[in-house]
Amino acid sequence: MILYHQQFFYLIVNTNNLVGGNDLFNQITIDGGAATGKSTVARKVAEKLGYYHINSGYIFRCIAASEMLGNYFAQGNEVTENWIDGLELNFFNKEIYVNGKNFFYDEVNSMEVSSITAQIARFNSIRKNVDDFVVKISESTNIVIDGRSSGVFLFPNSKNKFFLTCNIYIRAKRRLIELGMSDDELEEVVRCLQERDFEDSNRKVQPMQIAKDAICIDTSKMTIDEVVNTIINHVK
């Protein structure tokens, strides 16, 4: 069920599946693996175009970091879909809330949260409700969304699909800087990224894929601004 109140709507789990994309608003999809720069690029593209930026990974991270899930894990439970009953995703004044809480990026940007995120993202019921939530937002505004396979499964009709790639060690170094970790932990971060790529590419529910009509961009030797300008120059 989706309820509206002025600029506010919220989604309670078990909604009907929604199909992404319409003729009134534009959707730009920027997909790729972890630490390829897609979130930063997507945010800057959105800023330059005046679009709303949706970071689908951030939504999953907020769910993973939610108090409800935190308590669930604290009790020693395995990751299952049972705890999802009562989960609320809210969109108000262009801010996203999970169970009434708006998370700061630093709160959900840890390796621990990343690990839990990878586990819950494989469940169809969780992903379906996040997808429905994102699609509903896209029906009211132009968006730039970054994810793993949003151009394949969520907005297959988008005319502006991009997929970012990057050397694994450059990705790891970016993550070290982002998390304030030491260079001694480089190999560990590389291992974590490789595991995340494997999980994302081999999960049964919406595995990471490159859309057939997506423009692939290797960001290994590019600055953020160069990637942003490349995407904007291709936007239709």
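Read on for an overview of the structure. (Residues numbered from 1 in each chain as written. Predicted model: local features only at pLDDT ≥ 70, side-chain atom pairs only at ≥ 80, totals over all residues. Heavy atoms only, no water.)

In this model, Asn-99 sits at a positive phi of 50 degrees, which is unusual for a non-glycine residue. If you trace the backbone, Asn-99 turns up in the loop between strand S6 (95–98) and helix H4 (105–108). Of the residues examined, Asn-99 reaches a relative accessible area of 34% and is grouped as partly exposed. Of note in this structure, Gln-206 is not a glycine but carries a positive phi near 45 degrees. Exposure remark for Gln-206: the relative accessible area of 18% places this residue in the buried category. (Helix = DSSP H or I, 4+ residues; strand = E, 2+ residues; numbered from the N terminus. Buried < 20%, exposed > 50% of the residue type's maximum accessible area, 1.4 Å probe, protein only.)

Take the nonpolar core next. Core analysis: the largest hydrophobic core is formed by 30 residues, its most contacted members being Ile-54, Ile-59, Ile-63 and Val-134. When contributions to this core are tallied by element, the ones reaching two or more residues are strand S4 (52–55), helix H2 (56–65), strand S5 (88–92), S6, helix H5 (111–120), helix H6 (124–138) and strand S7 (143–147). Leave out the neighbours within four places in its chain, and Val-134 touches Ile-54, Ile-59, Ile-145, Leu-154 and Phe-155. Counting 14 residues, the second largest nonpolar core, distinct from the first, contains Ala-42, Val-45, Ala-46 and Ile-217. (Core = buried A, V, L, I, M, F, W, Y, C linked by side-chain atoms within 4.5 Å. Contact = heavy atoms within 4.5 Å.)

Turning next to the side chain of Asn-160. Residue placement: Asn-160 occurs in strand S8 (residues 160–165). Excluding its chain neighbours within four sequence positions, the residues that come into contact with Asn-160 are Asn-26, Gln-27, Ile-28, Thr-29, His-234, Val-235 and Lys-236.

For the rest of this paragraph, the subject is helix H9 (residues 186–202). One full turn of an α-helix is made of 3.6 residues, so residues set three or four places apart face in the same direction. Across its 17 residues, H9 extends 24 Å between first and last C-alpha, which sits within 8% of the 24 Å expected from 1.5 Å per residue. Inspection of H9 places Leu-186, Val-189, Val-190, Leu-193, Arg-196, Asp-197 and Asp-200 among the buried residues, and these make up the whole buried set. Take H9 and look down its axis: the buried residues cluster within an arc of 125 degrees, on one side only. The secondary structure elements touched by the buried residues of H9 are H5 and helix H8 (168–179). (Expected span 1.5 Å × (residues − 1). Arc of directions from axis to C-beta.)

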